[in-house]
Amino acid sequence: MSMRMNTGFTLIELLIVVALIGVLSALGAPFLVAAKSSANEASAISSLRTLNSGQAAYASGCGGGAYSASLAGLVSGDYVSRDLDISPKSGFAFALAVAAYPTGPADCTGAATYRGYYFSADPLGVTTGRRGFATNQGGTIWQDTSGAAPVEPFVAAGTVSPLATQ
């Protein structure tokens, strides 16, 4: 008498395993999006800190106490890395504004400078970040939980608050 043994899975068992994997994947997706959003926000904050440091180095080295009018000027003088002159970056749109400030002396290359600056980082969507960030020559990074970069003058009120100082 010989006995026959089954050594594989039945179709129903395989379907149950596939269904379980699908349910677990669906449950984990929101956590993955939240983690990516947090990582993008951390990258934006780090970029703003680096831009503050680059402007400070520029002001003391080439700007005669004033700040660069462009990201390209900071990059060409090696005050910040080339990857910071790319927008959008890590799900955020970066912008530098200087028009609201008085002009300063010409820098060591003859380029125009300004007595202040304003960097902003706006999320491209809610999946890339939930907070907007901004900073200026004061060095404090401000956040707005409504999703738009805080505007100057910076005031802690409502959804706007200081995040960190350098």
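Residues numbered from 1 in each chain as written. Predicted model: local features only at pLDDT ≥ 70, side-chain atom pairs only at ≥ 80, totals over all residues. Heavy atoms only, no water.

All right, on to the overall build of the protein then. Helix and strand counts for the protein come out as two helices and seven strands. When the helices and strands of the protein are listed from N to C terminus, the series reads α-β-α-β-β-β-β-β-β. Compactness check: the protein gives a C-alpha radius of gyration of 25 Å against a globular reference of 15 Å for 166 residues, more than 25% above the reference. A principal-axis box enclosing the C-alpha atoms of the protein has dimensions of 100 × 35 × 20 Å. Looking at the protein as a whole, 34% of its 166 residues are labelled buried. (Helix = DSSP H or I, 4+ residues; strand = E, 2+ residues; numbered from the N terminus. Rg over C-alpha atoms; globule rule 2.2 N^0.38 Å. Buried < 20%, exposed > 50% of the residue type's maximum accessible area, 1.4 Å probe, protein only.)

Note on aromatic pairs: each is described by the distance of the centres and the angle between the planes. As enumerated under the stated definition, the model contains six aromatic pairs in all. Centre to centre, the rings of Y58 and Y79 are 5.4 Å apart; their planes meet at 85°, and the pair counts as edge-to-face. Of this pair, Y58 sits in helix 1 (residues 11-61) while Y79 sits in the loop between helix 2 (71-76) and strand 2 (92-97), and the two are 21 residues apart along the sequence. Both rings, one in F92 and one in F133, keep their centres 6.0 Å apart while their planes meet at 40°; by these two values the pair is tilted. Within this pair, whereas F92 is found in strand 2, its partner F133 is found in strand 5 (residues 132-136), the two being separated by 41 residues in sequence. (Phe/Tyr/Trp six-rings, centres within 6.5 Å; stacked < 30°, edge-to-face > 60°.)

With that settled, consider the environment of G65. Its place among the elements puts G65 in the loop between helix 1 and strand 1 (67-68). For the pair formed by G65 and R115, sequence separation is 50 residues and the distance between their alpha carbons is 7.8 Å. If sequence neighbours within four positions are ignored, G65 has contacts with A59 and R115. (Contact = heavy atoms within 4.5 Å.)

Secondary-structure assignment places E152 in the loop between strand 6 (141-144) and strand 7 (160-164). Considered as a pair, E152 and S53 are 99 residues apart in the sequence and their alpha carbons are 20 Å apart. Not counting chain neighbours up to four residues away, the residues in contact with E152 comprise Y101, Y117, Y118 and N136. Looking at E152, its side chain comes within polar contact range of the side chain of Y101, at 2.6 Å. Engagement of the side chain of E152 in a polar contact is seen with the side chain of N136, the distance being 2.6 Å. (Polar contact = N/O pair within 3.5 Å; in protein donor to acceptor, adjacent residues only side chain to side chain.)

For the rest of this paragraph, the subject is the pairing of strand 4 (residues 118-123). Most of strand 4 sits out of view: five of its six residues are buried. Summarising the sheet, strand 2 and strand 4 pair through six bridges and their orientation is antiparallel. Paired with F94 across the strands is A121, a residue of strand 4. (Pairing = 2+ DSSP bridges.)

So, about the side chain of S37. Inspection of the secondary structure assignment puts S37 in helix 1. By relative accessible area, which is 6% here, S37 ends up buried. For S37, the residues in contact, after removing those within four places along its chain, are V126, T127, T128, G129 and R130.

This next bit is on the nonpolar core. Within the largest apolar cluster, 23 residues are counted, with the highest numbers of intra-cluster contacts made by L48, L51, F119, A121 and F133. Breaking this core down by element, the ones donating at least two residues are helix 1, helix 2, strand 2 and strand 4. Among the elements that line this core, the one with the most residues is helix 1, at six residues. If we ignore the near neighbours within four places in the chain, the residues touching L48 are F94, F119, A121, F133, A134, T135 and I141. (Core = buried A, V, L, I, M, F, W, Y, C linked by side-chain atoms within 4.5 Å.)

Under the 1.5 Å per step criterion, the end-to-end length of helix 1 is 72 Å for 51 residues, consistent within 8% with the ideal 75 Å. Its axis deflected by about 30° at G28, helix 1 carries its strongest bend there, up to four residues before the proline P30. (Expected span 1.5 Å × (residues − 1). Bend = angle between axes of the 7 residues up to and from the residue.)

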